[in-house]
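Given next are the chains, with one letter for each unit.
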Amino acid sequence: MRATRIVGGLSVLVLAGAIAWDLVNDEFWLRHTLLTGLVASLIVVAVTAAVVNEVLERRQRERWSVLAQYALFDLVRTARLVWTSLLELTGLVPEEELADGLLEAGTEAVLDTPRLAAALDEMFARAESRE
């Protein structure tokens, strides 16, 4: 992205320099038409390449942004599933409260760290609970 902007900026500077040079001394460009055509073509190619690269990079950034949103939503959904499952398995929150979408009781249980740690230790201590 930075290289594209540098090439675009240099192309604009070269174009501005050529215009200023033409205003000061137009005889040079009239006598060297082949060089004039080559410089003009190079400027057009450089500016076009810079614009196309910038558009492609912007499109790719938008694509990655959408992917990051999907990944974040999936992470949140999975984290909620893990926490609600742990709260159900430890018996800290009745299953019907979590099924209704009310997370207040779950929030209180998670914020009570000693109680949550004790319930998790108890759950993992029993072989049938670990399975």
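For the structure, see preceding data.
Small disclaimer: the values here were computed from a predicted structure and weren't measured.

Cut-offs and rules
- Residues numbered from 1 in each chain as written.
- Predicted model: local features only at pLDDT ≥ 70, side-chain atom pairs only at ≥ 80, totals over all residues.
- Heavy atoms only, no water.
- Helix = DSSP H or I, 4+ residues; strand = E, 2+ residues; numbered from the N terminus.
- Contact = heavy atoms within 4.5 Å.
- Core = buried A, V, L, I, M, F, W, Y, C linked by side-chain atoms within 4.5 Å.
- Buried < 20%, exposed > 50% of the residue type's maximum accessible area, 1.4 Å probe, protein only.
- Axes fitted to C-alpha atoms, helices over the stretch in contact; angles between N-to-C directions.
- Parallel < 35°, antiparallel > 145°, perpendicular 65-115°, else oblique.
- Nonpolar A, V, L, I, M, F, W, Y, C, P; charged D, E, K, R; others polar.
- Left-handed = near helix turned anticlockwise from the far one by under 90°.
- Patch = residues over 30% accessible without salt bridge, like charges linked within 9 Å, V, L, I, M, F, W, Y side chains within 5 Å.
- Areas by Shrake-Rupley, 256 points an atom, 1.4 Å probe, with all protein chains shown as cover.
- Salt bridge = Lys/Arg side-chain N within 4 Å of Asp/Glu carboxyl O.
- Phe/Tyr/Trp six-rings, centres within 6.5 Å; stacked < 30°, edge-to-face > 60°.

This part is about the overall build of the protein chain. A count of helical and extended segments in the protein chain gives seven helices and zero strands. Ordered by position in the sequence, the α and β elements of the protein chain form the string α-α-α-α-α-α-α. Put simply, of all contacts in the protein chain between residues at least 6 apart along the chain, 46% involve residues at least 24 apart.

The next thing to look at is the nonpolar core. Leu-87, Leu-92, Val-93, Ala-109, Leu-116, Ala-119, Leu-120 and Met-123 form the largest nonpolar core, which has eight residues in total. The leading source of residues in this core is helix 6 (residues 113-125), at four residues.

On to the packing of helix 3 (residues 33-90) against helix 6, then. Close contact between helix 3 and helix 6 brings their axes to 9 Å; oriented N to C, the two are set at 70°. When the axis of helix 3 is compared with that of helix 6, the two are roughly perpendicular. Packed against helix 3, whose contacting residues are Trp-83, Leu-86, Leu-87, Leu-89 and Thr-90, the element helix 6 presents Leu-116, Ala-119, Leu-120 and Met-123 at the interface. For the contact of helix 3 with helix 6, a count of residues per class yields eight nonpolar, one polar and no charged.

Right, let's talk about the packing of helix 1 (residues 2-24) against helix 3 for a bit. Between helix 1 and helix 3, whose axes approach to 9 Å, the crossing angle comes to 150°. Relative to helix 3, the element helix 1 lies roughly antiparallel. Judged by the sense of rotation from one axis to the other, the crossing of helix 1 with helix 3 is left-handed. Here Thr-4, Arg-5, Val-7, Gly-8, Ser-11, Val-14 and Leu-15 of helix 1 lie close against helix 3, whose contacting residues are Ile-43, Ala-46, Val-47, Ala-50, Asn-53, Glu-54 and Glu-57. For the contact of helix 1 with helix 3, the per-class residue count stands at seven nonpolar, four polar and three charged.

Before going further, it helps to spend a moment on a nonpolar patch on the surface. A cluster of nonpolar residues, Leu-15, Ile-19, Leu-23 and Val-24, forms a patch on the protein surface that exposes about 440 Å² of accessible area. Within the element layout of this structure, Leu-15 appears in helix 1. Taking relative accessible area as the criterion, Leu-15 reaches 39% and is therefore assigned partly exposed.

This brings us to the packing of aromatic side chains. Summed over the entire model, instances satisfying the criterion amount to one aromatic pair. Between Trp-21 and Phe-28, the aromatic rings sit 4.6 Å apart at their centres with planes inclined by 15°, giving stacked as the arrangement.

Mapping Gly-106 onto the fold places it in helix 5 (residues 104-111). Residue classification places Gly-106 among the buried positions, given a relative accessible area of 7%. Taking the C-alpha atoms as reference, Gly-106 lies 9.4 Å from Glu-88; in sequence the two are 18 residues apart.

The next subject is the pattern of salt bridges. All told, the structure shown has one salt bridge when counted by the stated rule. Close ionic contact of Asp-74 with Arg-77 constitutes a salt bridge, the shortest N to O distance being 2.5 Å. Remark: Arg-77 and Asp-74 occur in helix 3; sequence separation between them is three residues, near one turn of the helix. On the accessibility criterion, Arg-77 (55% relative accessible area) is exposed.

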